[in-house]
Amino acid sequence: MFVAALAMLGGAAGSVFAAEPHKFQFSDWWLPAQFSQHGDAMDSLFILIFAITSIVLVLVQGALVFFLIKYRHNPNRKKAHFIHGNPRLEVFWTVVPAVILAAVSLLGIRVWGNYRYNDLPAGERAQILVVGEQFKWNVIYPGADGKIGRYLRYPKPSDPNYRTLAFKDAVRKINNYINDDNPLGKDNTDPDGKDDDWVPTPSRPVIVPVNKPIEVLLGSKDVLHDFFLPNFRVKLDALPGMLGHIYFQAKPESQCTHEVPIEQVDLKQLLWVDRGTKNAGPDADGVWGLADPKDANSRVATLGFLESMVKARLAARKIAAPTGEQIRLEGEVLRADLKAAGVNTLWTMSPFEIVCEELCGMGHGTMKGTLIVVSQEQYRNFIYKNAPPSTQPTRTLAALDATPANR
Ligand SMILES: [Cu+2]
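Residues numbered from 1 in each chain as written. Predicted model: local features only at pLDDT ≥ 70, side-chain atom pairs only at ≥ 80, totals over all residues. Heavy atoms only, no water.

Asks: Got a sec to walk through the pattern of salt bridges? Specific residues and values, please.
Replies: Pairing between side chains of opposite charge can happen when the charged atoms of each approach one another. What the rule picks out here adds up to 17 salt bridges. R328 is paired through a salt bridge with E325; the nearest N and O atoms lie 3.1 Å apart. With a gap of 3 residues between them, R328 and E325 both fall in helix α7 (residues 324-340), about one helical turn apart. Its relative accessible area of 43% is what places R328 among the partly exposed residues. (Salt bridge = Lys/Arg side-chain N within 4 Å of Asp/Glu carboxyl O. Helix = DSSP H or I, 4+ residues; strand = E, 2+ residues; numbered from the N terminus. Buried < 20%, exposed > 50% of the residue type's maximum accessible area, 1.4 Å probe, protein only.)

Asks: Lay out the nonpolar core in plain terms, naming residues and giving numbers.
Replies: Membership of the largest hydrophobic core comes to 37 residues, with the highest contact counts inside it found for I128, F227, F232, L371, V373 and Y379. Here this core takes 4 residues from strand β13 (residues 368-374), the largest share from any one element. For F227, the residues in contact, after removing those within four places along its chain, are V130, W137, V216, L218, V234, K235, L236, I246, I354 and V355. Judged by nonpolar contacts, the second largest core, of 12 residues, contains L314, I319, I327 and L346. (Core = buried A, V, L, I, M, F, W, Y, C linked by side-chain atoms within 4.5 Å. Contact = heavy atoms within 4.5 Å.)

Asks: Any chance you could break down the environment of V104 for me, citing the residues and the numbers?
Replies: Along the polypeptide, V104 turns up in helix α3 (residues 87-116). Discounting residues that sit within four places of it in the chain, V104 has contacts with L45, I49 and I52.

Asks: Please set out the coordination of the copper ion residue by residue, giving values where relevant.
Replies: Taken together, the protein ligands of the copper ion are H225 (ND1), C356 (SG), C360 (SG) and M367 (SD), with distances of 2.1 to 2.5 Å. In this structure, the copper ion is coordinated by 4 donor atoms arranged in tetrahedral fashion, with angles at the metal of 92 to 123 degrees. All donors of the copper ion come from a single chain, and their spacing in sequence reads H-x130-C-x3-C-x6-M. One end of the pair, H225, is in strand β5 (residues 225-229); the other, M367, is in the loop between β12 (352-356) and β13, with 142 residues separating them in the sequence. Just as H225 is buried, M367 falls in that class too. (Donors = N, O, S within 2.8 Å, 3.2 Å for Na, K, Ca; no water. Tetrahedral: all angles 85-135°; square planar, octahedral: opposite > 155°, others 65-115°.)

Asks: With reference to specific residues and values, describe the sheet that holds strand β7 (residues 244-249).
Replies: What the 4 strands build is an open sheet, ordered β2-β1-β4-β7; its pairing is mixed. Edge strands, defined here as strands with exactly one partner in the open sheet, are β2 (136-140) and β7. Here the strands of the sheet are splayed against their neighbours by 30 degrees on average, with no regard to which way each runs. (Pairing = 2+ DSSP bridges. Axes fitted to C-alpha atoms, helices over the stretch in contact; angles between N-to-C directions.)

Asks: Hey, could you go over a nonpolar patch on the surface for me, with residue numbers and the actual values?
Replies: A contiguous nonpolar patch, built from L89, F92, W93, V96 and I100 and spanning about 470 Å² of accessible area, is present on the exposed surface. Note on placement: I100 falls in helix α3. Assessed through its relative accessible area of 33%, I100 is described here as partly exposed. (Patch = residues over 30% accessible without salt bridge, like charges linked within 9 Å, V, L, I, M, F, W, Y side chains within 5 Å. Areas by Shrake-Rupley, 256 points an atom, 1.4 Å probe, with all protein chains shown as cover.)

Asks: I'd like a description of the packing of helix α2 (residues 39-70) against α3, backed by residues and values.
Replies: Packed helices, taken two at a time, are described by the angle their axes make and the gap between the axes. Packing of α2 against α3 brings their axes to within 10 Å, and their N-to-C directions diverge by 160 degrees. Considering the angle they form, α2 stands roughly antiparallel to α3. Once α2 is placed against α3, the crossing between them reads as left-handed. Residues A41, M42, L45, L48, I49 and I52 of α2 form the contact with α3, whose participating residues are I100, V104, L107, G108, V111 and Y115. The residue inventory of the contact of α2 with α3, partitioned by class, reads 11 nonpolar, 1 polar and no charged. (Parallel < 35°, antiparallel > 145°, perpendicular 65-115°, else oblique. Left-handed = near helix turned anticlockwise from the far one by under 90°. Nonpolar A, V, L, I, M, F, W, Y, C, P; charged D, E, K, R; others polar.)

Asks: Kindly report on the sheet that holds strand β3 (residues 206-209), identifying the contributing residues and their values.
Replies: Overall, mixed pairing links the 5 strands, which are arranged β3-β13-β12-β5-β6 in an open sheet. On the outer flanks of this sheet lie β3 and β6 (234-238), each paired with one strand and no other. Averaged over neighbouring strand pairs, the angle between their axes works out to 25 degrees when direction is ignored. Two strands pair when backbone bridges link them, and β3 and β13 are joined in this way by 4 bridges, in the parallel orientation. Bridge pairing in β13 links P209 to V374.

Here it is in structure tokens:
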């Protein structure tokens with residue numbers, strides 16, 4: 001709980017990579033900034049319950065203090081005085097809390113139902129599979145077919161291939177299979193999974209489109225984890241052996257990527273997407289990157305800083321410990337080179353935090369992930385890669401284009 005509170009304090013949008021250190025404000029004690037469609041109803045419910053319980057707390061504690069003082073020691077008072085209860089009072093304090101609890105439950109069911117269930121057809125929601133493992137998050141995206149295959153299928157010692165081995169050897173062989181061959185237990189025979197975007201190593205960022213219902217399928221590779229997005233009021237346990245699901249929709253103002261003219265880019269700012277040049281498009285890891293015009297092999301990827309490109313240039317010039325002024329000057333040269341290469345705008349990004357809310361082992365405190373909310377166009381490019389238009393679900397594209405323009 002305490003960890004969650006800390007995470008929430010640090011979880012305000014954009015604080016992760018903000019250049020300025022976060023100055024503590026009184027409002028930090030309250031809920032973190034909220035960016036999901038269902039979250040406002042959840043917050044209202046929270047505030048309502050908080051108000052009711054606060055009033056009850058004050059009344060009960062006030063009554064306790066009042067009676068403590070009223071019936072304090074008095075040598076003249078009769079020692080004991082037995083009563084047989086007060087039926088009217090009993091009924092009152094049974095019925096009133098029952099009515100309040102029933103009302104709160106009914107309100108809660110509505111909010112929970114909207115959050116948990118959603119009958120939109122597959123094409124109108126973005127689906128991702130998130131898999132927790134000690135101590136990182138994996139994310140799997142559907143390819144152009146919009147469908148995610150089957151994952152988390154691991155062999156058992158009783159399977160035909162392993163049954164003949166000694167139990168210890170079977171376990172070792174299975175562990176090797178999980179570690180080396182198929183870390184996410186993908187079922188390679190499933191046609192839905194054929195064009196999935198998955199990587200064997202965990203901890204790449206979770207990318208979701210803005211302003212579109214997102215279905216998160218949630219699984220765990222090992223122990224109990226909990227997928228928590230403080231800024232979206234999304235929270236669900238990831239259970240080994242079970243696939244959970246939740247829906248949320250990121251509000252327009254939650255988009256993490258912002259287009260900045262290259263003249264205005266702070267070179268320490270995070271660079272993510274470069275659009276409109278030959279460098280654009282997802283690279284092998286499924287993220288957009290930008291190459292230094294003077295070094296085609298360089299790449300500023302998802303969580304790299306433009307500054308690292310500057311440092312690489314300085315290192316190439318054998319300047320191992322550059323001064324601040326050298327970094328600044330080289331940065332300006334890089335800016336000019338990028339402009340000359342036709343890069344007029346860059347994308348900066350301020351991602352959100354994913355927290356594991358279940359004590360899942362010694363490294364639990366380090367189990368943090370990154371959530372990036374992108375425009376629907378960026379998401380489409382990301383998911384469909386360079387798939388030919390005929391394989392893109394047109395219905396989805398039409399639905400996407402019909403939604404109000406992003407900020
Ligand atoms: Cu965990």
